[in-house]
Amino acid sequence: MNKIKLTLKKNPTVVLETEVISPDYFLERTHEEICASVVYHGKREKRLDEFFDVDGERSDCIEIHGDLQRVRHVGRAMTRGEVTIHGDVGMHLGALMNGGVIEVHGNAGDWVGGEMKRGKIHIHGDAGQQVGAAYRGSIIGMTGGTILVDGNAGIEVGMRMRRGMIVIGGAARDFAGLQMKGGTIVLCGGAEIRTGAWMQRGTIISLKNLALMPTFAESGVYNPTFLNVYSRHLKTLGVQLPFAEVDGRYRRYSGDQGVPGKGEILIWEPAV
Amino acid sequence: MGGKVTCTLGEVKNRADFIVYWGGNPAECHPRHFTKYTLMQKSPFLPRGRKDRTMVLVDIRETKSAKASNIFLQVRPGKDFELITLLRAMIKDQPISEAQVAETGLTIEQLQDFVSRMKAAKYGVFFFGMGLSMTRGKHMNSAALLTLAAEMNAFTKFVAMPMRGHGNVTGADVIMRWQTGYPFGISFNRGYPRYNPGEFSTVDVLVRGDTDCAFIIGADPGATMPQPAIDHLAKVPTIVLDPHVTHTSKLARVHITTAPAGISAPGTAYRMDEIPLPLRPALKSPYPSDEEVVRRIKEALLEKPDWMGERPQMLQNQI
Amino acid sequence: MLRITGGTIYDPANGINGEVRDLYVEDGKFVSSFTGGRTIDATGLVIFPGGVDVHTHVAGGSINFARAMTPEDHRRTQAFIRSQTRRSGLGGMAPTTFATGYLYAGMGFTTVNEAAVPVLSARHTHEEMADIPIVDKSCLVLMANNEIMLDLLEAGEYERAKHIVAWHVWAAKAYGVKAVNPGGVAAWKWGKDANQLSEPVEGYKNTTPGSIVTSLAKIIDELGLPHPIHLHCNNLGAPGNITTTLETMKHLEGHRAHMAHLQYHAYGGDDWDTMKSESAQLAEYFNAHPNMTTDAGAVLFGDTVTITADGPWQHLLYKLTGRKWGNLDVENETGCGIVPYSYRPSNLVNAVQWATGLELLLLIDDPWRVFLSTDHPNGACFWRYPEIVQLLMCADFRKECMAGLPPEIMNRITLPEINREYTLYEIATIMSAGPARALGLQQKGNLGIGKDADMVIYHSDKDIARMFGHPRYVIKRGEIVIEEGDIRETPDGSEYLVKPSFDPGTDEFLRPLFEDRYCMSFENYPVEMERIERPDLQQCITTE
Ligand SMILES: [Zn+2]
């Protein structure tokens, strides 16, 4: 398949902002046009090919190699195609994304999928803070799509999210699901403190025990049927979500009463 | 979403009959606060002064401020956010049990009493200090208290105000807001202001090494910031403007001594409640003011070729 | 020297209605003629005096508080990029100071009046205004809830109260006096509101909102301020408030008055479900009483942030919307509240508000007495004025917009029955000549000889919103500041002030009262003249 391959050849000395690295932008552009795309190295306008070797043209399939920790806004607002990154990548990966797929074989910075609407992001390593979150002052974070992080994630996972799904394979830090309004967060490795703080609606599922806020009230144990559906969906993404009664059950908590909210947190209790 | 409900200090002086200090030690850190604004003053609305006011201190330890207070609530360290969220639930009559309250280190009776006093107050004020805003949870802890204050207005008048540190921090915040729309954590690299605390805030930029030059005015990050930030300041060309030789000056390439603002340079300072006060210099200084140095640097920069190149005047879609 | 030839001129102040004439500008003023100099060929173009906004909120503690609360809006709005000679800025609901100047000038406005300044933070307002480029500015100091003045009125010490008002105007380096919700803000500080004009204000025995209004109007007339009392009536935004508004107007008989954002004060009905427009009744009274001027305070559908010194209304909005809320009480003077808000055509209340603003503009006969405003940013942002001009000039376009409103609205508004269409001459009156005259700024809104050469040159265009949103040239004091959408120059504007006379003993009278109530030293309170950049002191006038 026709593909555009970018290889980092010069390490940026300050932040490099590259919202042009997006399938939508590259799709109709020639090799020369892609090379000449404007990126911002700090405050200075530069050509993309000053930092990357560019191979290919006119494609919505992008492959990037190199340590992109200082490279931000890759795949911003993309609506289609694929971006695959071999190496670490910096902040705002797939922010405002509205379709397509991003895969990172490495770690990602803060704001992965910030306020994203549609599409899928898969980070094989760790993610930074505010995965799928709302930007400062916004009332709504992620409104759709899926974010998978195989490793750990920082604070405020899914802050103010309304729809969509976030799966953290490792552990999340504080305030996972902060002010959540809907959607689902799956925490395979549990989380630190204040999970679900101020949540209004939505579901947080944790496969490890959580220290909950005092404003969550226990409301029974059960194996909800919707988990069956989730489990099948997650299986296609390579995530195992237990739901059979022989394996254990979920303890359900509702809150956050401080709001007051109608969110739920389900904590898996394996059968002994 | 809450918001911010606040007032000027004169309103506190004239009207506040219920004063809560949260995570601060005014008796030692803002010694004139009690006498000038919060406790001792009499007003037509509070003719008996201290007797007409109730003061509550919420803190993790019994500081000197506890002696000045009518009620001291000793919260368990790191549980402020939980406590405030519980109070948000309780003012809205959500069912809260003794067990739920336990981890805060307080009893449900204490909280019930606190809630009924808050609701009975005619004019309540929260002052919050670094014990709240700089501990785990940081901006969310402040947001929690601001939200509680906003929600209390369904019952009575209630406001909240941060106890800021020294220097003209508020002034910088106020001016950045009118010039850029944002208080701090701003990047101009694209030719217009963008805001993202955590990404563009000074400490984060320095710790990640995202800058290749530093220009420091009226601050001493070399004394207060984490080591990686200090290391980066030493690595890049750092320029310091300060009346004194600071820790930062010692690791900087350039230090320019300037006249101390308010003592020998005029200007405006903004009080913690954003009320502007004129600075009237009493002494003459042989040194130029910060403003003059910055202006001369700017003039010198204009002599250099324009690095920006052709850019549009205006963008409809920001990054 | 600049000569503008062949343009079609609309200059209501001089009765010129669409005549082709040449204009000559020298040293920033219009002159009768000269030879040489640069020429702009304006053949086929339309020329208006520069726009004047009589009521807006662009600088000071409140709008700056609104900026702090709306970072999400700053991100989605237009950004002005810096250059070597121009500062950057952001537009949107609460634009930054530099952007405020660019946006006003960009649609041909050259003078703006900041309508609400608490004395305690006037220093802040002036510092911000100095950072608003291009336009000339003035500001109004908030007085109607000043407790020292209220106490004097309560004690019957009218003369002393007058000195206090004059002293405050000068202390704030203001141009006039704004009265917000008289007696109401003071009451709000106790979580209450002053709704009845004849009931004493909380904490007083005799002083009522009505008596405050009458006394202040009289004081301002006697002081000879060029701009009369600028009044934001009680009960803003409440269904049925027409009664309060009419009663307030009766309290103003015999005095000059400017009624701010009348749209918010023209409602009938008993509650939100029965709320309707009473603009016809209000316009009828207003038309018969030439002592008053007003600005529309029109509403446009879309997002904005509401910000007013009317705390009770703001708390109500917060409860209605459940969105963010900011409130700031200023000791002894005023308060302000801030709530981001969306006006929606599907919302019956919003639809009534939208219609009411337009109705007032269309039902008040005399364009010299009703002015274009949205009470920026409350009803809509000021940079949307061209949309209102279009609504006023095209009855068909209004009908089109009305088709999108809920059908239940039709018996609550009179807009469908109004066929009036504004002429260009009338638009020039409500946008420039009228507000300039109401402000008492004789050098503004006027293309006559000796006046400030502020003007805007439009392409003649059937698309009215485009015509008024994208002038061909905007000229400020003879300098081309905007050319075909590009910012050419960003000169600094002047600030208009007045110094009404007051008893020199006022300082000593105030000092103890002040130190008793405020927590600022008395010396720090008045803004020094040196702190005003480019002050332009205007004379007080004599009124009969
Ligand atoms: Zn207003």
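Bear in mind that the values here come from a model prediction, so they are computed numbers and not experimental data.

J.: Can you help me understand the domain arrangement of chain B in this one?
T.: As a measure of interface size, the accessible area lost when the parts come together is often cited. On domain assignment, one finds that chain B holds domain 1 (9-162) and domain 2 (169-303). For domain 1 of chain B versus domain 2 of chain B, the separation of C-alpha centres amounts to 33 Å.

J.: For this particular structure, what's the right way to read the nonpolar core?
T.: Counting residues in each nonpolar core, the largest one holds 143 residues, and the members touching the most others are F48, L216, W354, I427 and F468 of chain C. Setting aside residues no more than four positions away along its own chain, I427 of chain C makes contact with F48, V389, L392, M393, Y422 and F468 of chain C. M116 of chain A together with V58, I71 and F126 of chain B belong to the second-largest nonpolar core, a separate cluster that totals 106 residues.

J.: What exactly am I supposed to notice about the packing of aromatic side chains here?
T.: Aromatic ring pairs are reported here in terms of the distance separating the ring centres and the angle at which the planes meet. Scanning all chains against the criterion turns up 29 aromatic pairs over all chains. For the pair W167 of chain C and Y525 of chain C, a centre-to-centre distance of 5.8 Å together with 20 degrees between the ring planes defines the contact as stacked. Here the residue W167 of chain C occupies a position in helix α6 (residues 158-171), and Y525 of chain C occupies one in the loop between α17 (506-517) and β26 (535-538), the gap between them amounting to 358 residues. Counting every residue linked through ring pairs, the aromatic cluster contains F18, W22, F114, F126 and F158 of chain B. For K218 of chain C, the ring lying beneath its charged end belongs to Y158 of chain C, and the centroid distance is 4.3 Å.

J.: Help me out: how do you make sense of the interface of chain C and chain B in this one?
T.: The partner chain B presents 59 residues to the 62 residues of chain C that form the contact. Regarding the contact of chain C and chain B, the summed buried area is about 5300 Å², with carbon and sulfur atoms giving 51% of it. For the interface between chain C and chain B, the tally reads two salt bridges. Ionic pairing is found between R280 of chain B and E528 of chain C, a salt bridge with its closest N-O pair at 2.6 Å. The element that contributes the greatest number of residues to the side of chain C that touches chain B is strand β18 (residues 325-330) of chain C, accounting for six residues. Considering only residue class, the side of chain C that touches chain B consists of 21 nonpolar, 18 polar and 23 charged. Inspection of the sheet shows strand β14 (residues 314-315) of chain B paired to strand β7 (residues 79-80) of chain C by two bridges, in the antiparallel sense. Paired with L315 of chain B across the strands is A79 of chain C, a residue of β7 of chain C.

J.: Where do I start with the interface of chain C and chain A in this structure?
T.: With five residues of chain C in contact, the opposing surface of chain A contributes six residues. Here chain C and chain A share an interface that buries about 350 Å² over both sides, 53% of which is from carbon and sulfur atoms. Along the contact surface separating chain C from chain A lie zero salt bridges. Our count for the chain C to chain A interface comes out at two residue pairs in polar contact (both at pLDDT 80 or more). Of the residues contributing to the side of chain C that touches chain A, the split by class is one nonpolar, no polar and four charged.

Rules of the game
Residues numbered from 1 in each chain as written. Chains lettered and ligands numbered in written order. Predicted model: local features only at pLDDT ≥ 70, side-chain atom pairs only at ≥ 80, totals over all residues. Heavy atoms only, no water. Domains from an automatic or database assignment. Core = buried A, V, L, I, M, F, W, Y, C linked by side-chain atoms within 4.5 Å. Buried < 20%, exposed > 50% of the residue type's maximum accessible area, 1.4 Å probe, protein only. Contact = heavy atoms within 4.5 Å. Phe/Tyr/Trp six-rings, centres within 6.5 Å; stacked < 30°, edge-to-face > 60°. Helix = DSSP H or I, 4+ residues; strand = E, 2+ residues; numbered from the N terminus. Lys NZ or Arg CZ within 6 Å of the ring centre and 35° of its normal. Buried area = accessible area lost by both parts, 1.4 Å probe. Salt bridge = Lys/Arg side-chain N within 4 Å of Asp/Glu carboxyl O. Nonpolar A, V, L, I, M, F, W, Y, C, P; charged D, E, K, R; others polar. Pairing = 2+ DSSP bridges. Polar contact = N/O pair within 3.5 Å; in protein donor to acceptor, adjacent residues only side chain to side chain.

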